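Single-letter residue listing:
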Amino acid sequence: MPKLTLIKRNKPKEIVAITRHEKRQKISQSKLNRYHPYDISEALLVMSETERQKVYSWLNKEKLAKVFEHISEERAADFILELDKSLAADVLTLMEIDDAVDILQHLKFDDSTEFFVLLDETKRNQIRKLSKYKHLTAGSEMNSDFIKLNPGMDVKDAMKLLVSQANTIEMIETLFVTDENDVLVGVVDLKDLIVAKHPKKIENIMDSNFYAVNVLDGIQEVVKDIQKYDTLAMPVLNEDKKIEGIITMYDAMDIIEETAHDDYAKLAGLPAEDDVYDSAKTSAKKRLPWLVLLLFMNMIVSTVLASYEETIAAIAVLVLFQPLILGMAGNIGTQSLAVTILRISRETLRTKVNVIKHITSEFLVGVINGVILGVLAFLTSWILLNILPLGQIDSTITPFRVAGVVGLSVVSSLSVSALLGSLIPVILNKLRVDPAVASGPFITTINDVTALMVYFTLASVLLLTLL
Amino acid sequence: MNENIDDIVRIIKEASPGTIQDELESYHPSDVAECFSIINDEDEMHLLITLNHHLLAAIFAHLKPKKVSKLLLKVDKPKAGRILDAMERDDATDVLKMFSAQTRKALLATTDDNVKVELESLIHYPEETAGSIMTTDYIDIHKDMDVKDAMKVLVKNSESTQGIQRLFVLDDNKFLEGIVELKTLIQARSPRKVEDFMFTDVITAKVNDDVENVARLMQNYGIYLLPIVNESNQLLGVITMDDAADILDMETDEDYARFASISKEDSINKNVWRSALHRLPWLTLLLAVGMIVSAIISGFEATIEQITVLVFFLPLVLDMCGNTGTQSLAVTVRGISRQHYQDSESRKKHVIKEIKVGALNGLGIGGLSFITSGIFLIIVDLLGIITLTYPPFLISFSIGLSVGLALIISTAFGAIVPLTLNRLNFDPAVASGPFITTMSDVFGLLIYFVVAGIIILWLPEFIAGIGG
């Protein structure tokens, strides 16, 4: 079982301490600059605004830009407003373009226009280009931080170009070769450039059989390709095969984490961005919509129950096992749902045959577990009904018969829930709706309603009508 | 990229033995690897014989270790050795772990002597540790070297080394003294010693560190090549970012699965019986919990018989509790896995915050439940679906009040339970589910029936008593 081992040094905490207690500014400044931008970004999140102001003034622009790249876009949008306008514009200019766009999109319209006009022309054009692309496409996550070569260049000149740009460019392991129309014609692995001997042209060492993605491709697929082909930097092309940007393996790692959290959050009925650093009020506000939805959906459940009033009034003892049946059905449904969503995201459910196989197997799992648990439920509820000091049970409604109804309900509601849990996400996926939204309130309500109907219908038929 | 697969399969079937190597080399090994699951045994044998060990090693890197182990047994011993030599050390290690000790020894005997030593050392690191996914493939230089000489080492080794983003500065006893980023090296001009521009404040991980923590470290700091050291800071290997990404991918799936109380294997299981068995323990536990809940409800039998209408809103109260508990559980578990709550101050702060969140939502949802259930009751009464024997106001007020109270409690539990379990060294993601479900059900019920009993049955009588 993996335990969460403690990392020995808590660097963000050290940074906070430096800002709070170190009086000599020169010293704190040099101390702070030794920390990794990630640690500084974590520290900013727990600081007060005055403390943050100190940090802003101690770091140079380049470092501050790196720090901002590590902060979630929501918080970064708050922090950027704390900066002096021209400094903010500089930071946005120095940041990776996709991160800068994310921040601008999170700002109020007035603020973002104000920053926007402060940026230089080329940056503005790049940002305009990137903002066009829809969220979760390759275009929206790419950055323009890469080195371009042309095929006729000599390797020596390419190396010179590389040396001159290496400071400002993050990713130098892959270089991109474009023709006069900016069309990507090949990629050069830095290793090949290093071992190449002058005189030799770039076109002789480049690989023209490379992988690339389109700006409109879904980001999840791009991440999968990056992982599959172990690509350090995946070129992103537009319709004319011109290179628009790259997505690095490092970006891919962040995206894996984000999308996984989205799914995870949806399963828990949480908004994806519920942040550890949010105030109680913000958190409450973020979680409220799901709960309100659940509340209204639950009125359907109440209606279903109200329609069984006679049965309930006649056999009050049925209520005892209602939470049990709902709880188990809800859970087996969530289990099926989670397995199905994982399979969809791993793309193992691409063909019709696979889908049918999967649903059948989930249903069978439900039946198998339903039968086993149904028998157990029958036995335990029968024992319970005999030992609990219950009021008048009608002479015809014996513990044995009630337990029988409970057992049968467990069998059938578990089978149905398992079926629904696998069927619903598959259908949603077909309709191009994110299947993960089926989690939370929806599956809970659907399971509740079906399980209750099964339970009380069986009870009315077997206990009341048959007598 | 599916058409690639079709092309490759066609090449495998039709190409002559003389050209197949060249033709397949123009495809990505990952795509060729995918074809191994489609082609028949005869074609597979054909590939194993005609392709050279370099290409086979590249392809094998993209197959599951188990599959590779089966394939290796089909080629002759010397070739198997050459393939293992050509594979990345971490991948080769994973494959070797699949064999019995005897077969492994026989295979290792066919590999190059240096490789054999490296593989033998890698094999012993336990699963889930940094050592188990590291490779011994890295470029090392000495601090006394001149830029030119360091560059020569780089040129000489770059072809055979996977990650060249950084070079590791080691002393004669392999102690890690610093690193040189490739970028810095190519910009440096001779004459200049490595010592003058190497970076000494290196982020490292220990060979026994948990892989998930290591992967997160690499993600947070954007490290493409992480040095793995022993307790005395000797370099043992490196982890590359592609491996870290795979780990992160697997771990996040695992977290997701655990949260839904299924096991990771479940999602890849093809066998129905095994899937069913995997999920059974949790469901059986729920059954036991359910029986406890039943027993508690039976204690309120009298209240229920008097006020049947309460039953209609039982699912509402329990669902709300369950859902808010799960929400705060998810937030907390996520925070724990990102190592946010390492000191008691931050833990306390988090619990207090969650209680506040619970109180705010309790107020909102409680109020809303009061209103909607009130309207609901009036409507069903008017429609004649049910006949109310108690004033709808009292009923819906007790529903609203109990939803509000229950929400606060379950939100608090959602934060306290995983934090406590983590302190006790249990995995909070696995163990919290059952606890939260039980607690929110039990407390939800108790609050609901007690509050309803007091407000609907006891309060009117009490007031009447005062009035009379």
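Residues numbered from 1 in each chain as written. Chains lettered and ligands numbered in written order. Predicted model: local features only at pLDDT ≥ 70, side-chain atom pairs only at ≥ 80, totals over all residues. Heavy atoms only, no water.

### With respect to the sheet that holds strand β1 (residues 148-149) of chain A
Note on sheets: strands pair through backbone hydrogen bonds, and any given pair is parallel or antiparallel.
All names here are of chain A.
Consideration 1: The mixed open sheet is built from three strands, whose spatial order is β1-β2-β3. Unpaired on one side and paired on the other, β1 and β3 (184-189) mark the two borders of the sheet.
Consideration 2: Relative to β3, strand β2 (residues 174-178) runs antiparallel, the two being bridged by five bridges. Across the sheet, residue Thr174 finds its bridge partner in β3, namely Asp189. (Pairing = 2+ DSSP bridges. Helix = DSSP H or I, 4+ residues; strand = E, 2+ residues; numbered from the N terminus.)

### Observations regarding the domain arrangement of chain A
Consideration 1: Per the domain assignment, the segments making up chain A are domain 1 (14-129), domain 2 (148-250) and domain 3 (280-465).
Consideration 2: Its C-alpha centre places domain 1 of chain A at a distance of 30 Å from the equivalent point of domain 2 of chain A. (Domains from an automatic or database assignment.)

### Quick notes on helix α7 (residues 85-94) of chain A
Residue and element names in this part refer to chain A.
Consideration 1: Within α7 the residues assigned to the buried category are Ala88, Ala89, Val91 and Leu92. Along the axis of α7, the buried positions cluster into a sector of 160 degrees, meaning they face one direction only.
Consideration 2: Contact partners of the buried residues in α7: α5 (61-69), α6 (73-80), α8 (97-106), α9 (109-118) and α10 (121-131). (Buried < 20%, exposed > 50% of the residue type's maximum accessible area, 1.4 Å probe, protein only. Arc of directions from axis to C-beta. Contact = heavy atoms within 4.5 Å.)

### Focus on the pattern of salt bridges
Oppositely charged side chains are able to pair whenever their charged atoms sit close together.
Consideration 1: Applying the stated criterion across every chain yields a total of 17 salt bridges over all chains.
Consideration 2: Of the charged contacts in the structure, one is a salt bridge between Arg20 of chain A and Glu51 of chain A, with a shortest N-O distance of 2.7 Å. On the criterion of sequence distance, the pair formed by Arg20 of chain A in helix α1 (residues 11-21) and Glu51 of chain A in helix α4 (residues 49-58) is long-range, its members being 31 residues apart.
Consideration 3: Residue Arg20 of chain A is classed as partly exposed on the basis of its relative accessible area, which comes to 41%.
Consideration 4: What makes Glu51 of chain A buried here is its relative accessible area of 12%.
Consideration 5: Residue Asp7 of chain B pairs with Arg10 of chain B through a salt bridge whose shortest N-O separation is 3.6 Å. Of this pair, Asp7 of chain B and Arg10 of chain B both sit in helix α1 (residues 2-14), separated by three residues, roughly a single helical turn.
Consideration 6: Owing to a relative accessible area of 23%, Asp7 of chain B belongs among the partly exposed residues under this scheme.
Consideration 7: Assessed through its relative accessible area of 45%, Arg10 of chain B is described here as partly exposed.
Consideration 8: Salt bridges sharing common partners tie together Glu44, Lys67 and Lys74 of chain B. (Salt bridge = Lys/Arg side-chain N within 4 Å of Asp/Glu carboxyl O.)

### Considerations on the sheet that holds strand β4 (residues 213-214) of chain A
Residues and elements named next belong to chain A.
Consideration 1: Taking strand neighbours across the sheet as the criterion, the three strands line up as β4-β5-β6 in an open arrangement whose pairing is mixed. At either end of the open sheet lies a strand with only one pairing partner, and these are β4 and β6 (243-248).
Consideration 2: The pairing of strand β5 (residues 233-237) with β6 spans five bridges and is classified as antiparallel. Its bridge partner lying in β6, Val236 is registered against Gly245.
Consideration 3: Here helix α15 (residues 219-228) sits on the sheet in contact with β4, β5 and β6, set at roughly 65 degrees to β6. (Axes fitted to C-alpha atoms, helices over the stretch in contact; angles between N-to-C directions.)

### Section: the pairing of β5 of chain A
All names here are of chain A.
Consideration 1: Across the five residues that make up β5, a large majority, five, are buried.
Consideration 2: The alternating pattern of β5 places Ala233, Pro235 and Leu237 and Met234 and Val236 on opposite faces, both of which are buried.
Consideration 3: With two bridges joining them, β4 and β5 adopt parallel strand pairing. Residue pairing in the sheet places Asn214 in a bridge with Leu237 of β5.
Consideration 4: This β-α-β element, β4 to α15 to β5, shows right-handed connectivity.
Consideration 5: In this antiparallel pair of consecutive strands, β5 and β6, the connection spans five residues, and Lys241 shows a positive phi of 65 degrees. (Right-handed = clockwise from strand over helix to strand, strands pointing away.)

### Concerning helix α21 (residues 399-430) of chain A
Consideration 1: A rise of 1.5 Å per residue sets the reference length of α21 of chain A, with its 32 residues, at 46 Å; its end C-alpha atoms lie 46 Å apart and thus fit the reference within 8%.
Consideration 2: Arg432 of chain A, located one to two residues past α21 of chain A, shows a positive phi value of around 65 degrees. (Expected span 1.5 Å × (residues − 1).)

### Some thoughts on the nonpolar core
Consideration 1: Phe68, Ile80 and Leu92 of chain A are the most contacted members of the largest nonpolar core, which totals 93 residues.
Consideration 2: Not counting the four nearest positions on each side in its chain, Ile80 of chain A is found in contact with Phe68, Ala88, Val91, Leu92, Ile103, Leu107 and Phe115 of chain A.
Consideration 3: In this structure, Leu294 of chain A together with Val309, Val317 and Ile365 of chain B belong to the second largest nonpolar core, which totals 87 residues. (Core = buried A, V, L, I, M, F, W, Y, C linked by side-chain atoms within 4.5 Å.)

### A few points about the interface of chain B and chain A
Frequently, the measure chosen for interface size is the accessible area that the parts lose on association.
Consideration 1: Facing the 127 residues of chain B at the interface are 127 residues of chain A.
Consideration 2: Across the chain B/chain A interface, buried area totals approximately 11,500 Å², and carbon plus sulfur atoms make up 64% of it.
Consideration 3: For the pair chain B and chain A, the number of links is one salt bridge.
Consideration 4: Between Glu34 of chain B and Lys228 of chain A there is a salt bridge, with its nearest N and O atoms 3.3 Å apart.
Consideration 5: One can count 20 residue pairs in polar contact (both at pLDDT 80 or more) joining chain B with chain A.
Consideration 6: When grouped by side-chain class, the residues that make up the side of chain B that touches chain A number 57 nonpolar, 43 polar and 27 charged. (Buried area = accessible area lost by both parts, 1.4 Å probe. Polar contact = N/O pair within 3.5 Å; in protein donor to acceptor, adjacent residues only side chain to side chain. Nonpolar A, V, L, I, M, F, W, Y, C, P; charged D, E, K, R; others polar.)

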